[in-house]
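Close look at the chain arrangement
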Amino acid sequence: MSSTRRRDLPPPSTGTSEKDVLLGFLDYLRAGVAAKVEGVPEPQVRTPGVASGTNLLELVNHLVHVERSLFLGEPVPDWQATFAAAPGDAADEVLAAYRDAAARSNEVVRAASDLTATVARPGSRSKGPSLRWALTHMIEETGRHAGHADILRELLDGTTGR
């Protein structure tokens, strides 16, 4: 296993509004997750790095579903199933879906004038969480899985840093 050390990036520069700060940190974490998957060939991108079977591609696939559920109101009937990318899904396709979900999520947040507004739940009777809560949760969720991706990538090929 060769070891590649990337320069670690400092926290992001953001605007001064609460929305700008939250989106800035979320985008920073999203980019970190994507960087851990970029360039990892098949089958390594699907290779479990820990006893639970967790791999890089499934982490990104899961985050696609979390973004779509939280900000776009797409229902997820089986959360456990989101941790598995389909065998035919190429890593670049899953990354593209992740970037698309993040961009669409950001559009929803940027369009809101108030972070206390609830996130829409099309076709549902349940009230969504506030945008503030959704952003905070997405930062927590993405940060948690970014840490997992850091470890998995280092175990896979020794690459560290962002």
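This text gives an overview of the structure that appears in the document. (Residues numbered from 1 in each chain as written. Predicted model: local features only at pLDDT ≥ 70, side-chain atom pairs only at ≥ 80, totals over all residues. Heavy atoms only, no water.)

1. What about the overall build of the protein?
When its secondary structure is counted, the protein shows 4 helices and 0 strands. Helices and strands appear in the protein in the N-to-C order α-α-α-α. Taking 2.2 N^0.38 as the reference for a compact globule, 162 residues should give roughly 15 Å; the C-alpha atoms of the protein span a radius of gyration of 16 Å, in line with that estimate. Counting only C-alpha atoms, the protein reaches 50 × 35 × 25 Å along its principal axes. Burial status across the protein gives 41% buried among its 162 residues. Considering only contacts in the protein between residues 6 or more positions apart, those separated by 24 or more positions represent 70%. Accessible area for the protein stands at about 8600 Å²; split by element, carbon and sulfur atoms hold 55% of it. Averaged over its 18 positive side-chain charges, the protein has a centre that lies 4 Å from the centre of its 21 negative ones. (Helix = DSSP H or I, 4+ residues; strand = E, 2+ residues; numbered from the N terminus. Rg over C-alpha atoms; globule rule 2.2 N^0.38 Å. Buried < 20%, exposed > 50% of the residue type's maximum accessible area, 1.4 Å probe, protein only. Contact = heavy atoms within 4.5 Å. Areas by Shrake-Rupley, 256 points an atom, 1.4 Å probe, with all protein chains shown as cover. Lys, Arg positive; Asp, Glu negative; His and termini not counted. Charge placed at Lys NZ, Arg CZ, Asp CG, Glu CD.)

2. Section: helix H1 (residues 18-37)
The first and last C-alpha atoms of H1 sit 29 Å apart over 20 residues, in line with the 28 Å expected at 1.5 Å per residue. Of all 20 residues in H1, 14 are buried, a share of seventy percent or more. Phi turns positive, to about 80°, at glycine 39, one or two residues after H1. (Expected span 1.5 Å × (residues − 1).)

3. Let's talk about the packing of helix H2 (residues 56-72) against helix H4 (residues 131-157)
Relative to each other, H2 and H4 sit at 175°, their axes nearing to 10 Å. The orientation of H2 relative to H4 falls into the category roughly antiparallel. Residue composition of the contact of H2 with H4, by class: 14 nonpolar, 5 polar and 3 charged. (Axes fitted to C-alpha atoms, helices over the stretch in contact; angles between N-to-C directions. Parallel < 35°, antiparallel > 145°, perpendicular 65-115°, else oblique. Nonpolar A, V, L, I, M, F, W, Y, C, P; charged D, E, K, R; others polar.)

4. Considering the nonpolar core
Counting 36 residues, the largest nonpolar core has Val45, Leu56, Val60, Phe71, Leu131, Leu135 and Met138 as the members making the most contacts within it. Only H1, H2, helix H3 (91-111) and H4 provide two or more residues apiece to this core. Each residue touching valine 60, except ones within four places of it in the same chain, is listed here: Val33, Val37, Val94, Leu95 and Tyr98. (Core = buried A, V, L, I, M, F, W, Y, C linked by side-chain atoms within 4.5 Å.)

5. A short note on the packing of H2 against H3
Put simply, H2 and H3 touch, their axes get as near as 9 Å, and they point 25° apart. Overall, the two elements H2 and H3 adopt an arrangement that is roughly parallel. Every pair of crossing elements has a handedness; the one defined by H2 and H3 is left-handed. Along the contact surface, H2 presents Leu57, Val60, Asn61, Leu63, Val64, Glu67, Arg68, Phe71 and Leu72, while H3 presents Ala91, Val94, Leu95, Ala97, Tyr98, Ala101, Ala102, Arg104, Ser105, Val108 and Val109. Here the residues of the contact of H2 with H3 are counted per class, giving 15 nonpolar, 2 polar and 3 charged. (Left-handed = near helix turned anticlockwise from the far one by under 90°.)

6. Let's talk about empty space enclosed by the protein
Within this structure, the stated rule accounts for 1 cavity of 30 Å³ or more. Here the largest cavity is characterised by a volume of approximately 30 Å³. When residues of the lining of the largest cavity are traced back to their parent elements, those giving at least two are H1 and H4. No other element matches the 3 residues that H1 contributes to the lining of the largest cavity. (1 Å grid on protein atoms, 1.4 Å probe; cavity = no way out; pocket = protein on both sides within 12 Å on 5 of 7 lines; lining within 4 Å. Points joined across faces, edges and corners; volume = space filled by probe spheres on them.)

7. Focus on the pattern of salt bridges
By the definition in use, this model includes 9 salt bridges. Between arginine 104 and aspartate 100 there is a salt bridge, with the nearest N and O atoms lying 3.8 Å from each other. Taken together, the residues arginine 104 and aspartate 100, both in helix H3 and 4 residues apart, mark about one turn of the helix. Relative accessible area serves as the criterion here: at 31%, arginine 104 is assigned to the partly exposed category. Under the relative-accessibility criterion, aspartate 100 is labelled partly exposed at 38%. (Salt bridge = Lys/Arg side-chain N within 4 Å of Asp/Glu carboxyl O.)

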